[in-house]
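The primary structure of each chain is shown beneath.
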Amino acid sequence: MMDKKWEMVPNNAVRVTDRYYDEAMHLDIKNMLLLDYDRLLAGFRETAGLIAGMDSLQIKAFMKSKERYGGMWEDGLIGGHTLGHVLTALSQAMGNPALNENERIEVEKKLDYILEALRQCQEYTRDTSYEGYIFGAVMPTKEFRDNPALQFDNVEKGLCELFTQSWVPWYTMHKIMTGLCVGFRIAKKDLALKIANDLGMWIANRTEGWTEDVRKTVIGIEYGGMNDCLYELYQINRKLAHKGDKRAYPSYERFEAAAHSFDEEALFEKILSGKENALNNVHANTTIPKFIGALARYETDNSQERYLEYAKSFWDLVVTKHTYVTGGNSENEHFGEDNVLDLERTHVNNETCNTYNMLKFSRRLFAATGDKKYLDYFERTLINAIMASQNHDTGFTTYFQPMATGYFKVFNTLEGNFWCCTGTGYENFTKLNEGIYYKGNGCIAVGVCLSSVYQGDDYSIEQSCDFTNSDIARIKITPDSGKVVDDDLLLRIPSWVRNRAEITINGHEYEAQEHDGFWMIPSEKISDGAEITLKLPMGITCENLPDGKDAYAFCYGPYVLSARLGNAKMRTTTHGVAVSVPVPGEKNVDSDTLKITSEKSVSDFITNIDKYLVRKGDLMEFELLGTSRNLTFTTHYNQYTESYGIYWKFFSCV
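Residues numbered from 1 in each chain as written. Predicted model: local features only at pLDDT ≥ 70, side-chain atom pairs only at ≥ 80, totals over all residues. Heavy atoms only, no water.

## Overview of the sheet that holds strand β12 (residues 518-521)
Taken together, 6 strands build an open sheet; the order of strands is β1-β3-β4-β8-β12-β11 and the sheet is mixed. Pairing within the sheet leaves two strands with one partner each, and these edge strands are β1 (7-8) and β11 (513-515). In this sheet, β12 lies alongside strand β8 (residues 488-492) in antiparallel orientation, the contact comprising 4 bridges. When the sheet's bridge partners are listed, Arg-492 is paired in β12 with Phe-518. (Pairing = 2+ DSSP bridges. Helix = DSSP H or I, 4+ residues; strand = E, 2+ residues; numbered from the N terminus.)

What follows is the structure, given as structure tokens:
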């Protein structure tokens, strides 16, 4: 394993040039700019107005006569979570060099408008018992209007009925705080830090008043990644303080203590123990951020090595025993028993929030450990779950991605469906430039083969590749004027490479040393610049499920393949009684079982799959032959107009 101390390069240093990815980002930006920000801010203004003692007419005027978006989410007790996500997404966009100038101007206007509005709301709390508090949820009764922080009081009492008492307010607070931290860290907005610090003190004052029993009650109810975002706020302030920067909050150490209040050691130890079925019936998106927070404690203090072990053990458990071929996980938002995946293939698998969080987790675990497996997972999941979560015509995104054969993807809309995954969807496509390049230890690591440009302090790296058309990746390294490249270059060896890869440097074949899953090219080979070519042979690989030995999915290189099943029976229905989410209502196939007609056994068929899953010319389409039904497979990431089938069950009568 390579030495630790890796860091992702800054967002503004990387531009993704892959056309499909670039289009995805611009669609996302377009949709975010169409949102009515006064509607997203309406709840925050109402909360502040009540705290300030405004009457109903004054509050309505302060809200600009706007109402929250509908659909049971933003106009419910979880209201305000979307604004937190949008804060993060806009801030990431500010750090993304792929924006054009008009987009950048409009994004900054929206970001500044939100921050100024939130600061105005926060100012209304001065010299009150709510000082620093901002929140956007509805207040359905006089009791709530008399106490705008009542949700948090109710959580401390264990009262959590979604519509009358509390709907995971700490989860929502996590989204808001994270957006503010990213607003400072990436978008360089000082106002974001001022708001975050004052909000952080409201949180610290609250956590410092908890008894241990109250703390246990609070962390027994979904709280998102409150530990993660508070450790981040602490790290930001600590870094400023060490530089003597006056922007650091004077008593910033309290943020670290508040973060630790949300560390759930009993759960962490349970996972580390390796207990069987430890995640059965556990809400997935409640749990993943808790372990990102455990990793954040280690990132904050490297002496806390046990917290790194907590994070690593949880990641291993999720990826090895609860994850589908796309990199997604969960059924109906929950984990099941270990290695039970085939039985849980339905129309409500692979919640997008989970995928978003697992990618965040993986990037940071690689930085902490240097272990290549985190990048292998990151690449597969970015392509086959995140890119697969977007309708590439509209830019809208999924809540679930069905793993049962014969269903289709359902996407949000501009005016409604402000699900948790709508917010993460906005975030996902403004940070497609994250996790590609890492710096550390006198090295630059290329973690993912993706067309992009990295501009460092002394040199640039340009990647050009499109594995749907060619198995060749080209990497051009160019020193800045008067500079040399003094970093060694590490190239991740993709897990999907078939046979022997070939490397050339400036037209000459090169035998690169392998180092913990990376090809290493020393700085002296590239000090004056170089053009490197990688030939990465691809082919069909097959993956089955632990509880379905004859249920297989197929990949070509890094791409999960899914069968085209047409657009018949593409009607939606409502999923969930309390929380409404549209989902596919009907399969368009009677069965996902295929009889093998070409081999004596399933094993023989899979062994010889190259004979039976055959690429059609230069197209990314593959014809399945030798079975009772001929099917056409294609890259799953751009399957968004029809039903599909990833997993198929095979049997032989011989």
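## Digging into the packing of aromatic side chains
Under the defined criterion, the tally for this structure stands at 43 aromatic pairs. Measuring from centroid to centroid gives 5.3 Å for Phe-605 and Phe-650, while their planes differ by 35 degrees, and the two rings are tilted. You can see Phe-605 sitting in helix α20 (residues 602-607) and its partner Phe-650 sitting in strand β24 (residues 648-651), a full 45 residues away along the chain. The burial state of Phe-605 is the same as that of Phe-650; both residues are buried. A network of ring pairs unites the aromatic residues Tyr-130, Tyr-133, Phe-135, Phe-152, Trp-170, Trp-202, Trp-210, Tyr-223 and Phe-262 as a single cluster. We note Arg-39 situated over the ring of Tyr-69; from NZ or CZ to the ring centre the distance is 4.1 Å. We note Arg-297 situated over the ring of Tyr-307; from NZ or CZ to the ring centre the distance is 5.2 Å. (Phe/Tyr/Trp six-rings, centres within 6.5 Å; stacked < 30°, edge-to-face > 60°. Buried < 20%, exposed > 50% of the residue type's maximum accessible area, 1.4 Å probe, protein only. Lys NZ or Arg CZ within 6 Å of the ring centre and 35° of its normal.)

## Side note on the layout of surface pockets
Vacant regions in the atomic arrangement are exposed by a probe of water-molecule size rolled over the atoms. Taken as a whole, the largest pocket encloses approximately 1700 Å³ of empty space. Around the largest pocket sit 44 residues that line it, and Glu-7, Arg-185, Glu-232, Gln-235 and Lys-239 are the ones nearest its centre. Counting residues per element, the ones that place at least two in the lining of the largest pocket are β1, α4 (81-94), α8 (169-185), α11 (226-242), α14 (284-300) and α16 (352-369). The greatest single-element share of the lining of the largest pocket, amounting to 8 residues, is contributed by α11. Of the residues contributing to the lining of the largest pocket, the split by class is 15 nonpolar, 9 polar and 20 charged. (1 Å grid on protein atoms, 1.4 Å probe; cavity = no way out; pocket = protein on both sides within 12 Å on 5 of 7 lines; lining within 4 Å. Points joined across faces, edges and corners; volume = space filled by probe spheres on them. Nonpolar A, V, L, I, M, F, W, Y, C, P; charged D, E, K, R; others polar.)

## Remarks on the packing of helix α15 (residues 305-321) against helix α17 (residues 373-386)
Where α15 meets α17, the axes come as close as 12 Å, and the angle between the chain directions of the two elements is 45 degrees. One way to sum up the angle between α15 and α17 is to call them oblique. Read as a crossing pair, α15 and α17 show a hand that is left-handed. Here Lys-312, Trp-315, Asp-316 and Val-319 of α15 lie close against α17, whose contacting residues are Lys-373, Tyr-374 and Tyr-377. In terms of residue class, the contact of α15 with α17 is made up of 4 nonpolar, no polar and 3 charged. (Axes fitted to C-alpha atoms, helices over the stretch in contact; angles between N-to-C directions. Parallel < 35°, antiparallel > 145°, perpendicular 65-115°, else oblique. Left-handed = near helix turned anticlockwise from the far one by under 90°. Contact = heavy atoms within 4.5 Å.)

## A word on unusual backbone geometry
One non-glycine residue with positive phi stands out, namely Asn-339, at about 60 degrees. Within the element layout of this structure, Asn-339 appears in the loop between α15 and α16. By relative accessible area, which is 29% here, Asn-339 ends up partly exposed. Even without being a glycine, Asn-417 presents a positive backbone phi close to 60 degrees. Tracing the backbone shows Asn-417 in the loop between α17 and α18 (420-428).

## Description of the environment of Lys-409
Looking at where Lys-409 falls in the secondary structure, it is placed in the loop between α17 and α18. When the C-alpha atoms of Lys-409 and Asp-75 are compared, they prove to be 25 Å apart, with 334 residues separating the residues in sequence. A polar atom in the side chain of Lys-409 sits 2.7 Å from the backbone oxygen of Ala-388. In terms of polar contacts, Lys-409 uses its side chain to reach the backbone carbonyl oxygen of Gln-639, at 2.8 Å. (Polar contact = N/O pair within 3.5 Å; in protein donor to acceptor, adjacent residues only side chain to side chain.)

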